[in-house]
2 protein chains.
Amino acid sequence: MPRFFVNDTEEFGKTAVIRGRDAEHIRVLRLRPGEAMTICDGRGTDYRCRLVRSDKDEAEAEILEVVPCPGEPSVKVRIFCGLPKGDKTDYIIQKCVEAGASEIVFFDSERVIQRTDGVSKKLERWNRISEEAAKQSGRGIIPTVSWMPGFGQMLKEATECDSALFMYETGKRKALSEALKDAKELNTAAIITGPEGGFEPSEAEAARQTGAHICSMGARILRCETAPVVALTSLMFASGNLE
Amino acid sequence: MPRFFVNDTEEFGKTAVIRGRDAEHIRVLRLRPGEAMTICDGRGTDYRCRLVRSDKDEAEAEILEVVPCPGEPSVKVRIFCGLPKGDKTDYIIQKCVEAGASEIVFFDSERVIQRTDGVSKKLERWNRISEEAAKQSGRGIIPTVSWMPGFGQMLKEATECDSALFMYETGKRKALSEALKDAKELNTAAIITGPEGGFEPSEAEAARQTGAHICSMGARILRCETAPVVALTSLMFASGNLE
């Protein structure tokens, strides 16, 4: 079913009026009066509707039912990734939104090799990828994508979650299953993964001292764009959000 | 550590001699005498070596230790995917090999929209993607990628595994966690996912009657190239292969 995000749902009564880009989109999709569609307020609530009329600037839909979005997981997971090279960012955004992330933050760290001076110009595109993935996968929010230059600031924010999982490839670590054994009780969680070269030992030590779980995902070496998706999927599975 | 697959390990004594493409590759990587490397027989055994000499046609390495490859999971998982469009195949191969699949099979089904007449020409490239991903992620085998035109044949092979999980989007289904509750006891498993449009109800019914578990992965709609990775990761997590 086509899905649209509309910020301004305050005027909604028995009908919903859609303007701007989404009205245009409804016309492009050639939705016809009578067809089913879902409007989401981007804060987890779905308005199940039937289209009444649609023209270039405006569409109107009859609201049949207002329900919590079934696609929203019970745990809010913030994904923190060391900025990777090239378009791996796009892949991380799309897959993590599908898999249920609530937010994606790229950060700078010692081994980041991608230039960071042009990052702010990419934010608009990154957030558009998130919106597209949220629509396609039936999410109730559009996860925000942002950039955080400071590693210390990133650790501080991540460890404010109920649990912060720092993925690291060597040394003393917890098995992911051990770190996730109480996953069903989490309201918020953070997953932290490195750039192509992983983390410096000093960064892992800082994470440990800030209170993050230093985690292993086994002996297979995951690419930097695969690791957040695998960790997030494990968390979603362990917390009962893949049923 | 650089990793090479060598089929013919029978002649290995205290040293291993590498010829052909891998000898060339060692030279390209500019490995120097004394440097560590791993040679894998592609059947789960790792030879941990130190390079002795390397030229254009041949390299020789001293074998220090022979060990089971730590990157091989305890369960052999065959991935069966309805053939998707374009290069989504490449993504599925790369990510499933990283995540621990033992084999990837693309099959034809009612809703496959990709043309299937040129598939056999792609097999070589698909298997090369698998080999690259196996080297990079530290696998002990190179998972085979193949093509199976018959849906019935695919179901028969899949259900010969200890457990066959058929991912389906509607109707009566088991939660993935329920289907995976004895995952630690599995020696073999099959994961079956559809092409872009999913499966026909008759296909799901055939899977049910052949003995597959009809499974749900929750309310979020996963792209056809994401679903096998999410299902495989869940299986690896549940079977203790992500620790």
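Conventions used here
Residues numbered from 1 in each chain as written. Chains lettered and ligands numbered in written order. Predicted model: local features only at pLDDT ≥ 70, side-chain atom pairs only at ≥ 80, totals over all residues. Heavy atoms only, no water. Helix = DSSP H or I, 4+ residues; strand = E, 2+ residues; numbered from the N terminus. Buried < 20%, exposed > 50% of the residue type's maximum accessible area, 1.4 Å probe, protein only. Lys, Arg positive; Asp, Glu negative; His and termini not counted. Salt bridge = Lys/Arg side-chain N within 4 Å of Asp/Glu carboxyl O. Polar contact = N/O pair within 3.5 Å; in protein donor to acceptor, adjacent residues only side chain to side chain. Contact = heavy atoms within 4.5 Å. Pairing = 2+ DSSP bridges. Buried area = accessible area lost by both parts, 1.4 Å probe. Nonpolar A, V, L, I, M, F, W, Y, C, P; charged D, E, K, R; others polar.

**Q** Tell me about the side chain of R220(A), and name the residues and values.
**A** Along the chain, R220(A) falls in the loop between β12 (213–216) and α7 (227–238). The side chain of R220(A) is buried and forms no salt bridge, while E72(B), the nearest opposite charge, is found at 6.5 Å. Looking at R220(A), its side chain comes within polar contact range of the main-chain oxygen of G71(B), at 2.9 Å. Within polar-contact distance, the side chain of R220(A) engages the backbone oxygen of N241(B) at 3.0 Å. Ignoring sequence-local partners within four residues, the contact set of R220(A) consists of G71(B), E72(B), P73(B), V97(B), E98(B), A99(B), G100(B), S137(B), R139(B), M236(B), N241(B) and L242(B).

**Q** Mind laying out the pairing of strand β6 (residues 76–82) of chain A, listing which residues take part and the relevant values?
**A** Residue and element names in this part refer to chain A. The element β6 is extensively covered by neighbouring structure, given that six of its seven residues are classed as buried. The pairing of β6 with strand β11 (residues 188–193) spans six bridges and is parallel. Bridge pairing links K76 to T188 in β11. Sheet topology note: the β6/strand β7 (residues 103–107) ladder contains five bridges and is parallel.

**Q** Lay out unusual backbone geometry in plain terms, naming residues and giving numbers.
**A** The phi torsion at R30(A) lies on the positive side, around 55 degrees, for a residue other than glycine. In this structure, R30(A) sits in the loop between α1 (21–28) and β3 (36–40).

**Q** Give me the environment of E157(B): which residues, what numbers.
**A** All names here are of chain B. Within the secondary structure, E157 sits in helix α4 (residues 151–158). Along the backbone, E157 and T210 are 53 residues apart, and their C-alpha atoms lie at a distance of 10 Å. Not counting residues within four places of it along the chain, the set of residues in contact with E157 comprises R78, F80 and M148.

**Q** Account for the interface of chain B and chain A, with residues named and values stated.
**A** If you look at the interface, chain B gives 37 residues, while chain A gives 37 residues. Roughly 3,200 Å² of surface becomes buried between chain B and chain A when both sides are summed, with 55% attributable to carbon and sulfur atoms. Per-residue buried area on chain B facing chain A is highest for R220(B), R223(B) and F237(B); these three make up 24% of the total on that side. The salt bridge partner of E98(B) is R223(A), with a shortest N-O separation of 3.5 Å. Elements with a contribution of two residues or more to the side of chain B that touches chain A: α2 (88–99), α3 (119–137), α5 (176–179) and α7 (227–238) of chain B. For the side of chain B that touches chain A, the residue count by class is 17 nonpolar, 12 polar and eight charged.

**Q** Break down the pattern of salt bridges for me, citing the residues and quoting the values.
**A** Tallied over the full model, the rule gives 50 salt bridges over all chains. Salt-bridge contacts for E24(B) lead to R27(B); the nearest nitrogen and oxygen are separated by 3.6 Å. Pair noted here: E24(B) and R27(B) are both in helix α1 (residues 21–28), with a separation of three residues, about one helical turn. Residue E24(B) is classed as partly exposed on the basis of its relative accessible area of 34%. Using a relative accessible area of 40% as the deciding quantity, one classes R27(B) as partly exposed. Counted as one network, the salt bridges with shared partners bring together R19(A), R53(A), E58(A) and E60(A).

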